[in-house]
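So you can see what is in the structure, the chains are spelled out below.
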Amino acid sequence: MDAEVSTCSVGKFFENYLPTQGVPFNAVVDDLKKQKTLVSRGRSLEQKPSSSTQRPLFPQTFKSLKTLFRSRTTTTTRVMKTLQTIGNAVRKALGRATDCEITDYSLREEHNIRENAQGCLTSNLEDPLHPTEVVVPMTVIADDGNYTSSEEAKAKLLSRATEIMNEDARRRFCFGVTCERSEVTLWRFSRSIVIKSTPFDMTEQPDLLLRLFVALFTAPPHQLGYDPLVNLLPDLNYVYQIPSDSSTTPLYFKTVHPIWDVKPTCLAGRRTRIWEVEQVLSPSDPTRVPGTPNRALKDVFLNSDTRTESDIQEELFADIAKFGRHKNWRSRPLLKDFAQTDLEGLAEALEGDLFKQYFSRIVAKHVGEGDVPALDNPTAPPPKRRCLFLYEHVCTALNNIPTLGEAVDILKSTLIPLRLMFCAGWVHRDVSPGNVLAYRESPTSTWTVKLSDLEHAKRFPDPGSIGRDPITGTPSFIACEVLDGRHFFPLMVDPDKLDPPYRPVPVLHTYQHDLESIWWILLWLATTRVNQNLPRLFGQTYFQQRVDLQFARARCVIFRESLSFEPPIRESLPESLQTSFYKRLNTLRNNLYATYINRNLERKHRDVESFSWIVSEGMRLFFDGVARSRDKWSDTELMTDTEPRTTSVAAAMLHLQPPASDASKKRKNVEVAGRASKRMRTRRVCDNEVPQRRGPTTRSTTRNTYRVTRSTTRSPLRIESRLSLGG
């Protein structure tokens, strides 16, 4: 655990991290002496020296501590009850001796865990505790000198802090306390880093214990880690506040339903929530504002040194608009191989700001300040900041589209925003079922595609790129060259013997890699998502959440060879897809592969014009071809990932499983490969992973076995469920 934390002296912890309200300390001391809670120290208590000995000796000590640790059989329960007694006395003294505002928190003992005891600061002293009611967790460690017991107790405190941070949307950080015999260690848990103090001896320095209780009992909520922009309602729904950029009136949004909940495998990981929300008047009056539509709100913690999705979206939209204003944009060389119908589609999208409708558009945002940095630790990760993004529509992700015909139509429409990005000189770098969204006004309306999650999008070719692009995206749908780190060449050609000799160049994510992801999605839909009792061997083999080289090379073989050489593919297909659809899918694979080969042999990796044919004609051939047999396969039913909605967020946050519905029954034949894809995030690895409680909106996560380089915007190496703004 020590490798995961930054340590500072207890003095610096009090000075830089604990809240302070200017409470008259001497007045509290005088009242405690009158209560006879503080008594004269007398002769030495003969305790072992404290690790914090720079402070002058405090002349008093707590009466209950004088004999507490004289016996070597002191129980953890006795220590916890003693701390409760001291805490109650401090609260009483604060109320009588000062004019400061006192919280309603008290120290509560919880259940015993082997030789450890747990407690917490909370206002709920009797009823079962929900994580939203725990203010400061505490662990008391048995007096047996057992190192394993000590580390286990610290791990349990970390686990408890992680649960609090994951289950309570208000929390930006939380404090924690561990007591090992008489030594007290203070903790501060956040998404950026875990900070702990050097220990102090509560018997030798009772003034520090007193100051700790004073700080915790008088601190306003925001100094204890509660975000003032997020309010908890009695029914466990939340009201988010988004400060307005143009006026003094903020916007308030009440959570209606959790759309997506991605919990990290360790505390410092990326934490993402997406809610369906409705606009309300205020936290104190959560009445819906008449005439306002439901929207999607993303709540995410990101590194403070990286651009946000809203920044990237603004830049992309500006570049698309600039391209559209060019009088002769149709004659640009990068469009030289575009079909006339595709040019007409671009012209329609470039009319005014219509192109924005093809993206999941951010209509309001708030980017918070970064967390406090770790003291004297230059190797600590960059602080994270909370970002709130409000999206125009609540959409449906591709993995929740019920029929193959609708899914193929949506993927065809996805080519429009990808072509717009191509014209503007951008690549998406994470095309996956969770990022291909669709929206419609009513069940009978036509779907409008909404390409989402632009936080990895970048200009191509990126002038700042000096090496291979970090792997981003969802493993099952990442292009082979990107995953393998090598360019395609004909099997019979030795790149070293080309004339002139081929010099390997780093693999950059290109426009064609985004298009290849669409091919993998089509193959995934056809072989793993059809709602029939079919073998799933192919999907189990090639749609795994892995990024190791063995998996990458196996996928390369599938992409290189004709699909007819893979019998498990045909076995996984329903009869309606085994003829025309299957052949067209193989032709698209062949066109993608041949285009790679030609570009690589000609060393045109960065030549934008070399992508013109595949971006337009190469993709159009597939979708126009399969449309001719549409009547045979369009009604093919797909399995969906939608789980039944609960009537309130409270049921979801309390992990109450709703009754099964038809949608959940559809999943009875789903294998691992058939589930909606997960998102890969990489960062420094956390050694101490904490088991997470599974809620009804959280998909399982899978650990990677292969370390890959990743943008510093990400959390510890893991596979995460992709975020969908749909429901």
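Residues numbered from 1 in each chain as written. Predicted model: local features only at pLDDT ≥ 70, side-chain atom pairs only at ≥ 80, totals over all residues. Heavy atoms only, no water.

## Structural notes on unusual backbone geometry
The peptide bond linking Phe-460 to Pro-461 adopts the cis configuration, its omega dihedral lying at -10 degrees. Secondary-structure assignment places Pro-461 in the loop between β22 (458-459) and α9 (480-484). Not every positive phi belongs to a glycine, and Lys-36 is a case in point at roughly 65 degrees. Examined against the element boundaries, Lys-36 turns out to sit in the loop between α2 (25-34) and β2 (38-40). (Helix = DSSP H or I, 4+ residues; strand = E, 2+ residues; numbered from the N terminus.)

## Some points on the pairing of strand β14 (residues 272-280)
As a general feature of sheets, a regular strand has side chains that alternate between the two faces. Taken across its nine residues, β14 has nine buried, putting it largely inside the fold. Side chains Thr-272, Ile-274, Glu-276, Glu-278 and Val-280 of β14 all project onto a buried face; the interleaved residues Arg-273, Trp-275, Val-277 and Gln-279 project onto the opposite face, where all are buried too. The pairing of strand β13 (residues 251-262) with β14 spans nine bridges and is antiparallel. Residue pairing for β14: His-257 is matched across the bridge by Glu-276. Sheet topology places β14 next to strand β15 (residues 295-303); six bridges connect them, and they run antiparallel. Within the sheet, the bridge partner assigned to Val-277 lies in β15 and is Arg-295. (Buried < 20%, exposed > 50% of the residue type's maximum accessible area, 1.4 Å probe, protein only. Pairing = 2+ DSSP bridges.)

## Some thoughts on the pattern of salt bridges
One pass over the structure, following the stated rule, counts 34 salt bridges. Residues Glu-110 and Arg-160 are paired through a salt bridge, measuring 2.8 Å at the closest nitrogen-oxygen approach. One end of the pair, Glu-110, is in strand β4 (residues 106-113); the other, Arg-160, is in helix α4 (residues 147-167), with 50 residues separating them in the sequence. Glu-110 sits in the buried class, given a relative accessible area of 16%. The class for Arg-160 is buried, based on a relative accessible area of 12%. Here Arg-386 and Asp-227 are joined by a salt bridge, their closest N and O atoms 3.2 Å apart. With a gap of 159 residues between them, Arg-386 in strand β17 (residues 384-391) and Asp-227 in the loop between α5 (206-218) and β11 (230-232) connect regions that are remote in the sequence. By relative accessible area, Arg-386 is classed as buried at 5%. Look at the salt bridges and you will find they share partners, linking Arg-307, Glu-315, Asp-319 and Arg-459 into a network. (Salt bridge = Lys/Arg side-chain N within 4 Å of Asp/Glu carboxyl O.)

## Here we look at the sheet that holds strand β21 (residues 448-451)
If you trace the three strands from one edge of the open sheet to the other, you get β18-β20-β21, paired in antiparallel fashion. A single partner strand is all that each edge strand has here, and the edge strands are β18 (396-397) and β21. Examined bridge by bridge, strand β20 (residues 436-439) and β21 share four bridges and lie antiparallel to one another. Considered in β21, the bridge of Val-436 is made with Leu-451.

## Here's the deal with the sheet that holds β13
One open sheet accounts for seven strands, arranged β11-β12-β13-β14-β15-β17-β16; its pairing is antiparallel. Across the chains shown, the open sheet's two edge strands, defined by having one partner strand only, are β11 and β16 (362-370). On average, each strand axis in the sheet is inclined to that of its neighbour by 30 degrees, with strand direction left out of account. Here β15 pairs with β17 via eight bridges, running antiparallel. Paired with Lys-298 across the strands is Phe-389, a residue of β17. Sheet contacts for helix α6 (residues 309-325): β15, β16 and β17; angle to β16, the most-contacted strand, approximately 135 degrees. (Axes fitted to C-alpha atoms, helices over the stretch in contact; angles between N-to-C directions. Contact = heavy atoms within 4.5 Å.)

## Regarding the environment of Asp-168
Structurally, Asp-168 is set in the loop between α4 and β7 (173-180). C-alpha separation for the pair Asp-168 and Tyr-238, spaced 70 residues apart in sequence, amounts to 9.6 Å. When neighbours within four sequence positions are excluded, Asp-168 is seen to be in contact with Thr-132, Tyr-226, Tyr-238 and Arg-273. Engagement of the side chain of Asp-168 in a polar contact is seen with the side chain of Arg-170, the distance being 2.7 Å. (Polar contact = N/O pair within 3.5 Å; in protein donor to acceptor, adjacent residues only side chain to side chain.)

## Description of the nonpolar core
Membership of the largest hydrophobic core comes to 95 residues, with the highest contact counts inside it found for Leu-335, Phe-359, Trp-519 and Phe-581. Excluding anything up to four places from it in sequence, Phe-581 contacts Leu-404, Val-408, Ala-526, Phe-622, Val-626 and Trp-633. The next biggest cluster of nonpolar side chains, apart from the first, holds 55 residues, and it includes Val-136, Phe-213, Leu-216 and Phe-217. (Core = buried A, V, L, I, M, F, W, Y, C linked by side-chain atoms within 4.5 Å.)

## Digging into the side chain of Asp-514
With respect to the secondary-structure elements, Asp-514 resides in helix α10 (residues 511-528). Buried charge Asp-514 goes without a salt bridge, the closest partner of opposite sign being Arg-429 at 7.3 Å. Among the polar contacts listed, one links the side chain of Asp-514 to the side chain of His-509, at a separation of 2.9 Å. If we ignore the near neighbours within four places in the chain, the residues touching Asp-514 are Leu-418, Val-427, His-428, Arg-429, Asp-430, Val-431 and His-509. (Lys, Arg positive; Asp, Glu negative; His and termini not counted.)

## Structural notes on helix α15 (residues 612-627)
Its 16 residues give α15 an end-to-end C-alpha distance of 23 Å, which sits within 8% of 22 Å, the value for a rise of 1.5 Å per residue. Turning to α15, its buried residues number three or more, namely Ser-612, Ile-614, Val-615, Ser-616, Glu-617, Gly-618, Met-619, Phe-622, Phe-623, Gly-625 and Val-626. (Expected span 1.5 Å × (residues − 1).)

## Here's the deal with the confidence of the model for the protein
Chain-level statistics for the protein give a pLDDT mean of 83 and a share of 82% at 70 or above. Within the model, the stretch residues 45-53 combines pLDDT values under 50 with 27 contacts to residues more than four positions away or in other chains. (pLDDT = per-residue confidence, 0-100.)

## Points about the state of the cysteines
Throughout the structure, instances matching the rule amount to zero disulfides. In this model Cys-480 remains outside any disulfide bridge; the closest cysteine sulfur is found in Cys-556, 4.2 Å from its own. (Disulfide = S-S within 2.5 Å.)

## Some details on the environment of Arg-584
Assignment of secondary structure puts Arg-584 in helix α14 (residues 580-601). Between the C-alpha atoms of Arg-584 and Phe-622, which are 38 residues apart in sequence, the distance is 5.9 Å. Here Arg-584 is in contact with Leu-621, Phe-622, Gly-625, Val-626 and Arg-628, once residues within four sequence places are set aside.

## Overview of helix α7 (residues 340-349)
Residues that lie three or four places apart on an α-helix share one face, since the helix turns once every 3.6 residues. Listed as buried for α7 are Asp-342, Leu-343, Leu-346, Ala-347 and Ala-349. Along α7, the residues classed as buried sweep out an arc of 165 degrees about the axis, all on the same side. Of the residues in α7, the exposed ones pointing more than 90 degrees away from the buried face are Thr-341 and Glu-348. On its buried face, α7 sits against α8 (404-424) and α15. (Arc of directions from axis to C-beta.)

## Quick notes on the packing of aromatic side chains
Both the distance between ring centres and the angle between the ring planes are used here to describe each pair of aromatic rings. The final tally for this structure, using the stated rule, is 30 aromatic pairs. Seen in terms of ring centroids, Phe-13 and Phe-175 are 6.4 Å apart; in terms of plane orientation they differ by 65 degrees. Their pairing is edge-to-face. In this pair, Phe-13 sits in helix α1 (residues 10-16) while Phe-175 sits in strand β7, placing the two residues 162 residues apart along the sequence. Like Phe-175, Phe-13 is buried. With a centroid separation of 5.6 Å and 25 degrees between ring planes, the pair formed by Phe-488 and Phe-559 is classed as stacked. (Phe/Tyr/Trp six-rings, centres within 6.5 Å; stacked < 30°, edge-to-face > 60°.)

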